[in-house]
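Spelled out from the first residue to the last, the chains are:
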Amino acid sequence: MEAAERYVRTWVASPRDKEIEDIVSGIADGELKLVHIVKALGEYLTSEEGDLRNKGVEFLALVVGKCPLEKFNLQSVKVLVAFFASKLEDTETIIPALKGMLALTPIPVLVPENVVDICEAVFTNVKMQALVQVQRHTVFSIFDSLVARHRDVLKSMGNHFLSGYIALADGEKDPRNLMIAFAIARVLAIEFDISTKFEELFNITFCYFPITFRPPPNDPYGVTAEDLKAALQSCLSASPLFGNLAIPLFLDKVNAGSPTTKRDTLQTLAICLPVYGSRVTSNSGRKLWSSLKLEIFQPTDPETQEEALEATQVVIKTIYADQNTDTEIDGLAKDICEECIQILKEPEKSQAKPAIKVLCAFMSTTPSVSRYTISHAIPHLIKLFVDPDELPNRGPVLSILSSLVAAARDSTVKADFKENIFLLPFKDEVLGAFVTGLKVQSSLRPAIEGLNGLVTTPDLLDDEEIGFVVQRVNEVISGKQEDFIGASDAAIDLLKTISIKTPSHIAQMTLPFLFSALPDQAPARDDAEGREKYRMGLSALSRLCTQPNLFETLVVRLSVRLSLLYAPAIVPEDPEPSAAYAHALQSTLAGVLARKVENGDVDVPKYVDRLVPRLFNITAYGVLATTWGAGLGVSDPRIIDVSARLVNLVTQSLSAQKQETFVNSLFAAYFKGDITPLAVGDLNLPTDAHFAPFDPAAPEGQANLIALFSAAVIALHPEVKIPVDDEGTLLVQLLNWSIRHAKTNVQRENAWHIAAAIVNKHVSSLNTFLNTTLSAFWDEEIAKSLDPDARRRAISAWAWVSRALLVRNYPQALQFVNRFFELFEDAEVSWDAARAIGQVGTVDNVLTKRNHVVIKILHAQKYASNMLPKIIEGTKDPTKKIRQTTHLVALAALIKAIPKAVYVHELPTLMPLLLRGLSLPDLTLRAGVIDTLLSAAQVDVDSGLKTDKEASVAAEHAVSLTSVMLQNSTVAEMPDVRVRVGALKYLAVLPKIVRYDVLHPQKATVLRGLAKALDDPKRAVRKEAVDARTTWFRYSG
Amino acid sequence: LQPKSDIIASARPTTRRRTAQARQSLWLLNDEDDDDSTTYHTDDDEPEPIDADEIFDLIRFISDPEHRSMTLEQLAVVSAPQVTVAPSHILVEFTPTVPHCGMSTLIGLSIRVRLLRALPTRFKVDIRVKPGSHQSEHAVNKQLNDKERVAAALENPALVDVLETCLENVGRRGL
């Protein structure tokens, strides 16, 4: 008791939460009773001074609010309710009393009569207009809480409660309060008997429609217009009783409002009408339609039209919801339908488009309406189509028809009335019209679209009819007319759609025709026409043949042509066209195969037996048997490259077991000369030929074939055993070969790819190699060797091995990379070593998941965060100029390779270094630095840093960046196209990330400098110069 | 100045450069495999002179002053064949949509400003309405090719604002 008094006194003197908490814990522990507090408060509660009374009640309200709910009993609740109710009468204490009331509402022992008391007290004493937002919020919260907990009591109060609440809620304006008010109103409308009060409820809710509220900037309460809209919508759609009152109001808003209001109203209509029900909707049906019609036929914007169409659908759905399919419809839907068909009598007019949109929208309403629409619109359109007077309008008619067919299909596909294909009775006429349309250029496109709609409608066309379509479409593709060229794309898409479901027609009719476009021998060099023809054929084939059966045919037919090219009856004088043709054939296969792999098709692995041997067969034949055109002919590296890609794609898809068999024959061929079992195909390899590509004395053509070997080996699963006695020996052999004997860069790269893949996948069995052999290799080939070119190759090889270890987070990987720093003062290879550091971090397309390489996540981040500080440190060492520059090279090489997130925070340190990097004589590095700066700038653009008070790093260096980029942007000073393009791109981005006042003095100089770049000899550079200059012209404060 | 109809708007004038190049080359290089770098990572230093297609590309996305959502290309006001390029002279012809179109000067001026900013100074640029396509053809032509009147027009801030909105999306490219 005394404690209570003490707390009360302290609190009244200086209100703090502590006293309240102490008292509440006292009550919770049973040391204090509520009655003690009331007693302690006595003098304050009855004080003459309004302020003291206020504090007294406030204190009690706070305590009640924090008190554990189970501490209240029937008696105390009754007393408290009566007490707070009496305090509501007192204007000084009304505010804390409301808080007290709110605190009482969640108490479990609150009995119905308490609830009624609370309501009565609030209704009698609270004048909402006199209260501020927070207090009104309390009032709404009281009712929200009561509605949630004591709904039945409130219901039993009947109209008395409704009138009381409605009077209170009337005129509320604050969005925060409205959110609660709408929620309460929804419950009232749904659960309470509002049959006599619905008008009043309507008045206090519909007056807010449409919501035009816009939250103030930096609104701390986070009530958005969307929240309010959604809350109000759920309120408006709560009771069917609102219907008759609401619809005229909505129509008013649709007719008169702004586009946003229109859209909002249309959306709300679509939500409300189903609730208001069929009778109300159909009573206002015509009025609704005449408003909606306006929005559809004379739309303010496409979105509003879309909403109006959806609202129309809802109107129709609501009206005809309970009709079954078989009864003939009449009334609104019929009238609208006729109205639209009337408009469609002139299909070329602009009104036809919205009319057909309405009919299409009808398709996904109810089955009966859908059926009615089809059975009236289609005969009408067919009649128009066959009418000789309407001949010029066939295009538009077909276009209308095709959208109708598409809409009908979509409704059957997604709707629940699947079994009813209303189009079925008309399919012959429709099909006939579309097929006829194919013959004339003006109606070709809509005809193709329409056919597409027909073939994609499930269960509509039978097999024979689809065959008929394919036949007709073939004629389109075979048409030579210029006009048809654009359309053949669409035609092929149609055939492709058909090929997915019924490939047989395509295989029988389309493919033979397309294959006939592929000659046995390449067209001569000056026969551009012939080349164009086979390219068109190939591009069509490549799009059509992903389906398994078709792909198989494609592989067979193209292989035959390849064989003919590799072993021609008459050796052509000019071998290059043949090579280019072979390249085109193989590229087509590679393109389709890559897509099949992407799709995860299961038929890819079987091509290890059907395609891969043939590839080895022809390529081996090319190098072993032919003597013609060794340099330009079919062993051209570009063709080998495509062949290798094919081998790689197929090998990737094989299981480990299959790979095992394949890799055995592969090694037998490449290391033992036993090529015949591997290269099975149409061509007979010469029996006396000696196949030994790794032999230092092998001709260059043979060594090129290592690309195929490499493509296969890099894709092996880690568990596949390499068929050699010791993998380490193989690796040494490969490295030596790559440094001493390989003749081209491609050959060397191939050897390194193999080495990297094997190191990555077989680390565990390579201990000796990694620990002993490699360091000997370093000493011999890199540290001590005298031939600088050989040293460079060795450095590249080292980088590949390091990367192979790095991607799997091999613990010693960084030790391998760190050895590069030993070379940083080397007179010959220091820059190569520095660039190699970047190379190790660069993502490549050999060490990938697809190739079953062991890759650990975040390896790149780990690498970058290890190397970056070391390199930055190195650039700062003032005693050794050479080392500084080498470190700069390493930085430039590395920064391009590593993820942006790793260096973004280092940018303030990095920026001066990168600026120095822009004067490096190595142009590739310069281009890399500019790319890095560009991607860093992109971060600033995305985050809108320009408006930020804190100047970005770029802004700090803006002036020097501008001038250095200008220097790099003109052809007179910068020979490299990539650098010029990069520099101009950067100049274009600067105005987006730097405030105008910083760069304002530069504007004239930049515009003048850019004018020079406008006259660049290269188109790509000019494009960037134009863009940059446009940005700078617009750059102002 | 009315958009003619949807059918015309969607008819794209083709630019001929790319197809011509493709036909000439013997080897088919796959677009899919090429990353950006190869487009200009050409070792040859062969100059690519400014041609009509390039100029057309600069002006095709200027928006119409009356129909902001439509471009001059979509309204068939400008097209590649209407651009003529000589070593130091460029002629751009444009077709107002109707002979009494009041916006012709503004359209011409927006083309003028765009080319002023995007072409090297060594070119003399002439901008004309297509002969016979406008009532006051002569007056419009004269206005557009009079240096001082163009300069005076560009002193008018309200006019410059309108021009800038027309040139807003001009950075899009079609080639």
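Here is a short report on the structure shown in this document.

Basis of the calculations
Residues numbered from 1 in each chain as written. Chains lettered and ligands numbered in written order. Predicted model: local features only at pLDDT ≥ 70, side-chain atom pairs only at ≥ 80, totals over all residues. Heavy atoms only, no water. Axes fitted to C-alpha atoms, helices over the stretch in contact; angles between N-to-C directions. Helix = DSSP H or I, 4+ residues; strand = E, 2+ residues; numbered from the N terminus. Parallel < 35°, antiparallel > 145°, perpendicular 65-115°, else oblique. Left-handed = near helix turned anticlockwise from the far one by under 90°. Contact = heavy atoms within 4.5 Å. Nonpolar A, V, L, I, M, F, W, Y, C, P; charged D, E, K, R; others polar. Salt bridge = Lys/Arg side-chain N within 4 Å of Asp/Glu carboxyl O. Buried < 20%, exposed > 50% of the residue type's maximum accessible area, 1.4 Å probe, protein only. Pairing = 2+ DSSP bridges. Right-handed = clockwise from strand over helix to strand, strands pointing away.

1. Notes on the packing of helix 5 (residues 74-88) of chain A against helix 6 (residues 94-104) of chain A
Residues and elements named next belong to chain A.
Move 1: Running from N to C, helix 5 and helix 6 point in directions that differ by 150°, and their axes come no closer than 8 Å. As summarised for this structure, helix 5 and helix 6 are arranged roughly antiparallel, according to the angle between their axes. In terms of crossing hand, the pair formed by helix 5 and helix 6 is left-handed. Here Leu80, Val81, Phe84, Ala85, Lys87 and Leu88 of helix 5 come into contact with helix 6, specifically with Ile94, Ala97, Leu98, Gly100, Met101 and Leu104.
Move 2: Split by residue class, the contact of helix 5 with helix 6 holds ten nonpolar, one polar and one charged.

2. Let's talk about the pattern of salt bridges
Residues and elements named next belong to chain A.
Move 1: A complete count under the given rule lists 46 salt bridges over all chains for this structure.
Move 2: The partner of Arg263 in a salt bridge is Asp301, with the nearest N and O atoms 3.1 Å apart. A residue pair is termed long-range when its members are at least 10 positions apart, and Arg263 in helix 15 (residues 259-283) and Asp301 in the loop between helix 16 (285-297) and helix 17 (302-319) qualify at 38 residues.
Move 3: A residue is classified by how much of its surface remains accessible, and Arg263, at 22% relative accessible area, is partly exposed.
Move 4: Since its relative accessible area comes to 16%, Asp301 is described here as buried.

3. As for the pairing of strand 2 (residues 89-94) of chain B
Residue and element names in this part refer to chain B.
Move 1: Bridging between strand 1 (residues 83-86) and strand 2 involves four bridges; their strand directions are antiparallel. Across the sheet, residue Thr84 finds its bridge partner in strand 2, namely Leu91.
Move 2: Where strand 1 hands over to strand 2, the hairpin turn is made up of two residues, counted between the paired strands.
Move 3: The pairing of strand 2 with strand 3 (residues 124-129) spans six bridges and is parallel. Residue pairing for strand 3: Val92 is matched across the bridge by Ile127.
Move 4: For the crossover that starts at strand 2, traverses helix 5 (residues 104-118) and ends in the parallel strand 3, the hand is right-handed.

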